[in-house]
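Structural description and commentary
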Amino acid sequence: MTFTFRTLDPLKDAELLHAWVTHPKAAFWMMQDASLVDVERAYMEIAADEHHHALLGLQGGVPVFLMEKYDPAHRELVGLYEPRPGDIGMHFLTPPTDRPVRGFTRSVITAVMAHLFEDPAVQRVVVEPDVSNKAVHALNEAVGFVPEREIQKPEKKALLSFCTRDQFCAARGVAV
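Overview of the structure. (Residues numbered from 1 in each chain as written. Predicted model: local features only at pLDDT ≥ 70, side-chain atom pairs only at ≥ 80, totals over all residues. Heavy atoms only, no water.)

Points about the overall build of the protein
The helix and strand inventory of the protein stands at five helices and seven strands. Going from N to C terminus, the protein has its helices and strands arranged as β-α-α-β-β-β-α-β-α-β-β-α. Rg of the C-alpha trace for the protein: 16 Å, near the compact-globule value of 16 Å for 176 residues, within the 12% margin. By principal-axis analysis of the C-alpha atoms, the protein measures approximately 40 × 35 × 30 Å. When contacts within the protein are restricted to residue pairs at least 6 apart in sequence, long-range pairs at least 24 apart make up 60% of them. Accessible surface for the protein amounts to roughly 9,400 Å². Of this, 54% is attributable to carbon and sulfur atoms. Of the side-chain charges in the protein, 18 are positive and 24 negative, and the distance between the mean point of each set is 6 Å. (Helix = DSSP H or I, 4+ residues; strand = E, 2+ residues; numbered from the N terminus. Rg over C-alpha atoms; globule rule 2.2 N^0.38 Å. Contact = heavy atoms within 4.5 Å. Areas by Shrake-Rupley, 256 points an atom, 1.4 Å probe, with all protein chains shown as cover. Lys, Arg positive; Asp, Glu negative; His and termini not counted. Charge placed at Lys NZ, Arg CZ, Asp CG, Glu CD.)

Focus: the pattern of salt bridges
Oppositely charged side chains may form a pair once their charged atoms are brought near each other. All chains considered together, the criterion is met by 10 salt bridges. Residue Asp49 is joined to Arg75 by a salt bridge in which the shortest nitrogen-to-oxygen separation is 2.6 Å. Of this pair, Asp49 sits in the loop between helix H2 (36-47) and strand E2 (52-59) while Arg75 sits in the loop between strand E3 (62-70) and strand E4 (87-93), placing them 26 residues apart in sequence. Residue class for Asp49 comes out buried when judged on its relative accessible area of 15%. Connected through salt bridges with shared partners, the residues Glu76, Glu128, Lys153, Glu155 and Lys156 form a single ionic network. (Salt bridge = Lys/Arg side-chain N within 4 Å of Asp/Glu carboxyl O. Buried < 20%, exposed > 50% of the residue type's maximum accessible area, 1.4 Å probe, protein only.)

A word on the packing of helix H3 (residues 104-117) against helix H4 (residues 134-142)
In contact at an axis separation of 10 Å, H3 and H4 are set at 55 degrees when each is read in the N-to-C sense. Comparing the axis directions of H3 and H4 gives the class oblique. Read as a crossing pair, H3 and H4 show a hand that is right-handed. Contacts between H3 and H4 involve Thr105, Arg106 and Ile109 from the first element and Leu139, Asn140 and Ala142 from the second. Tallied by class, residues from the contact of H3 with H4 come to three nonpolar, two polar and one charged. (Axes fitted to C-alpha atoms, helices over the stretch in contact; angles between N-to-C directions. Parallel < 35°, antiparallel > 145°, perpendicular 65-115°, else oblique. Left-handed = near helix turned anticlockwise from the far one by under 90°. Nonpolar A, V, L, I, M, F, W, Y, C, P; charged D, E, K, R; others polar.)

Observations regarding the packing of aromatic side chains
Summed over all chains, the structure comprises five aromatic pairs. Measuring from centroid to centroid gives 5.5 Å for Tyr81 and Phe162, while their planes differ by 45 degrees, and the two rings are tilted. Taken together, the positions of Tyr81 in the loop between E3 and E4 and Phe162 in strand E7 (residues 157-164) put the pair 81 residues apart, joining distant regions of the chain. Here the aromatic cluster, defined as three or more aromatic residues joined through ring pairs, consists of Phe3, Phe5, Phe65 and Phe104. (Phe/Tyr/Trp six-rings, centres within 6.5 Å; stacked < 30°, edge-to-face > 60°.)

Observations regarding the layout of surface pockets
Size it by volume and the largest pocket reaches roughly 810 Å³. Looking at the lining of the largest pocket, the elements with two or more residues in it are H2, E4 and H4. The residue makeup of the lining of the largest pocket, split by class, is 17 nonpolar, six polar and nine charged. Size it by volume and the second largest pocket reaches roughly 390 Å³. (1 Å grid on protein atoms, 1.4 Å probe; cavity = no way out; pocket = protein on both sides within 12 Å on 5 of 7 lines; lining within 4 Å. Points joined across faces, edges and corners; volume = space filled by probe spheres on them.)

A look at helix H1 (residues 14-21)
Residues that lie three or four places apart on an α-helix share one face, since the helix turns once every 3.6 residues. Listed as buried for H1 are Ala14, Leu17, Trp20 and Val21. Along the axis of H1, the buried residues cluster in a sector spanning 125 degrees; they form a single face. (Arc of directions from axis to C-beta.)

Description of the side chain of Glu128
Its location among the elements puts Glu128 in the loop between strand E5 (124-127) and H4. The class of Glu128 is buried, set by a relative accessible area of 2%. Here the side chain of Glu128 touches His91 through a polar contact of 2.6 Å, side chain to side chain. Each residue touching Glu128, except ones within four places of it in the same chain, is listed here: Tyr70, Glu76, Leu77, His91, Ile151, Lys153, Lys156, Ala158 and Leu159. (Polar contact = N/O pair within 3.5 Å; in protein donor to acceptor, adjacent residues only side chain to side chain.)

The following block contains the structure:
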């Protein structure tokens, strides 16, 4: 599967995002009760933040997933671990569908990781999914993430995990 990326437009894309983040499948996104205005506001804050960026993943020009990247030295994980130069944090969300495509979510996380590592400054991707999100732990492991430890964030107990460029390449069977 081939994906491209574009910067999310908080106003133009709010309705689409609202449908995605409030769906029961997106419970770990923690926006179940968000109004359309709440979603617009949240993504306008991200758009204005130099340390946090939201992108849409496109397939054939159509938005098919959401990706966020952030600087963990300034957002999300401040004080919860010792960031290294070249660290980048990541979240991704695949929307609900009536016609699931086998391997789609794995293709998405692989594309997200490849996109992050296109930046030569990125040396390691950091994630902090909810400890109970077993499905994403399996996906993370499939692309090379290694869990380090559980951490307590204000909104959840999370599994802090890391994936270096070398680990990602090894998981894909690609020479570094």
